[in-house]
Amino acid sequence: MTRARAGVGLKPRHYADVLEGDPETGWFEVHPENYMGDGGPPLAALARVRERFPLSLHGVGLSIGGAGDHDRDHLDRLKALVERFEPALVSEHLAWSTHQGQFFNDLLALPYTDETLDRVCRHVDQVQTHLSRPILIENPATYLRFQDSTWTETGFIAEMARRTGCGLLLDVNNVYVSCINHGDDPVDYLRQFPMAPVGEIHLAGHAEDRTEDGTLLLIDAHDRAVADPVWSLYRQALSLAGPQPTLIEWDNDIPDWHTLQAEAAQADTILAEGARHVA
């Protein structure tokens, strides 16, 4: 990606809109786990998209914070995708999702301890060595904190990036969700976040819920448009990190192509404004 543009997640229901139309979207992102088969229509469609657009692979299955070592077959399949499609960016989550060979359909929170930091750094190193390239690690959306944590989240992420040389994926919606859930200031979080390694930004919609005592709880649902406070926080992030490739994530209750592209166009407008301020 030669310049910062907004992209969207590529979904099967939009294949025809993308392949038969002339979308103004700057790039597309996919979960590599959905394209690890040996062939078939999804891989064929992805190959056609890649002929026209930059691509990003955003993993959900590596379990960077998991207790066990990485599954070698999974790493091999990921490497094959990277070599075939030559994505501009490869990323994963700061979370865990496996235990004793079992995979969970969640990205689970980590305690921020020295032990966890050593494990995460070891796993990031393994992935980067296997792929022969740096990856980006995304800050999580969280709903609880561990009493055993001895690092702040931003301090943990900064030290991980320093030790491994990985890049960072700044998910602005996750920042907002986590900070509201924990009673923190999202802008203060951004000011403490290590911006130099940031290579991509994510935006998404979130849902509102209430706990039994009536406390507001935000859920990183990816099922609706980006909320106004997140757009405002995005502007703050760009003022600190500079213009970055920005993805609109919409993974549930997926809208029509026009609606999704309108979200990306709004991000592009804000990116252009930020680029003019930098210039």
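See the structure above.
Residues numbered from 1 in each chain as written. Predicted model: local features only at pLDDT ≥ 70, side-chain atom pairs only at ≥ 80, totals over all residues. Heavy atoms only, no water.

### Side note on the environment of Ala-221
Part 1 of the reasoning: By secondary structure assignment, the location of Ala-221 is in the loop between β11 (216-219) and α8 (228-241).
Part 2 of the reasoning: With sequence-adjacent residues up to four places away left out, Ala-221 is seen in contact with Gly-205, His-206, Ala-207 and Asn-252. (Helix = DSSP H or I, 4+ residues; strand = E, 2+ residues; numbered from the N terminus. Contact = heavy atoms within 4.5 Å.)

### Remarks on helix α4 (residues 114-131)
Residues separated by three or four positions in an α-helix point in the same direction, a consequence of the helix having 3.6 residues per turn.
Part 1 of the reasoning: Compared with an ideal rise of 1.5 Å per residue, which puts 18 residues at 26 Å, α4 spans 26 Å between its outermost C-alpha atoms and is within 8% of the ideal.
Part 2 of the reasoning: For α4, the set of buried residues is Thr-116, Leu-117, Arg-119, Val-120, Cys-121, His-123, Val-124, Val-127, Gln-128, His-130 and Leu-131.
Part 3 of the reasoning: Considering only its buried residues, α4 is in contact with α3 (72-85), β4 (89-93), β7 (136-138) and α5 (153-164).
Part 4 of the reasoning: Among the residues trailing α4, Ser-132 stands out with phi positive, at a value near 60°. (Expected span 1.5 Å × (residues − 1). Buried < 20%, exposed > 50% of the residue type's maximum accessible area, 1.4 Å probe, protein only.)

### A short note on the pattern of salt bridges
Part 1 of the reasoning: Evaluated as defined, the whole model comprises ten salt bridges.
Part 2 of the reasoning: With a closest N to O distance of 2.6 Å, Asp-251 and Lys-11 form a salt bridge. Of the two residues, Asp-251 is situated in the loop between β12 (246-249) and α9 (257-278) and Lys-11 in the loop between β1 (6-9) and α1 (15-20); the sequence distance between them amounts to 240 residues.
Part 3 of the reasoning: For Arg-191, the salt bridge identified is with Asp-188, shortest N-O distance 3.4 Å. You can see Arg-191 and its partner Asp-188 sitting in helix α7 (residues 186-192), three residues apart, about one turn around the helix.
Part 4 of the reasoning: Classification of Arg-191 as exposed rests on a relative accessible area of 59%.
Part 5 of the reasoning: Owing to a relative accessible area of 32%, Asp-188 belongs among the partly exposed residues under this scheme. (Salt bridge = Lys/Arg side-chain N within 4 Å of Asp/Glu carboxyl O.)

### Quick word on the nonpolar core
The nonpolar side chains of soluble globular proteins are, as a tendency, buried together.
Part 1 of the reasoning: If you look at the biggest cluster of nonpolar residues, it comprises 74 residues, and the most contacted ones within it are Met-160, Leu-170 and Tyr-234.
Part 2 of the reasoning: Ignoring any residue separated from it by four or fewer positions in sequence, one finds Met-160 in contact with Leu-94, Leu-117, Val-120, Cys-121, Ile-137, Gly-165, Cys-166 and Leu-168. (Core = buried A, V, L, I, M, F, W, Y, C linked by side-chain atoms within 4.5 Å.)

### Some points on unusual backbone geometry
Part 1 of the reasoning: We note that Ser-132 has phi near 60°; this positive angle belongs to a residue other than glycine.
Part 2 of the reasoning: With respect to the helices and strands, the residue Ser-132 is situated in the loop between α4 and β7.
Part 3 of the reasoning: Look at Ser-132 and you get exposed, because its relative accessible area is 63%.

### A look at the environment of Val-18
Part 1 of the reasoning: Structurally, Val-18 is set in helix α1.
Part 2 of the reasoning: Sequence separation between Val-18 and Asp-106 is 88 residues; the distance between their C-alpha atoms is 29 Å.
Part 3 of the reasoning: Those residues in contact with Val-18 that sit more than four places away from it in its chain are Leu-10, Pro-23, Phe-28, Val-49, Arg-52, Phe-53 and Trp-257.

### Quick word on helix α2 (residues 41-52)
Part 1 of the reasoning: Under the 1.5 Å per step criterion, the end-to-end length of α2 is 17 Å for twelve residues, consistent within 8% with the ideal 16 Å.
Part 2 of the reasoning: Buried within α2 are the following residues: Leu-43, Ala-45, Leu-46 and Val-49. Along the axis of α2, the buried positions cluster into a sector of 160°, meaning they face one direction only. Residues of α2 that are exposed and point more than 90 degrees away from the buried face comprise Pro-41 and Glu-51.
Part 3 of the reasoning: Elements in contact with the buried residues of α2: α1, β2 (27-30), β3 (55-58) and α3. (Arc of directions from axis to C-beta.)

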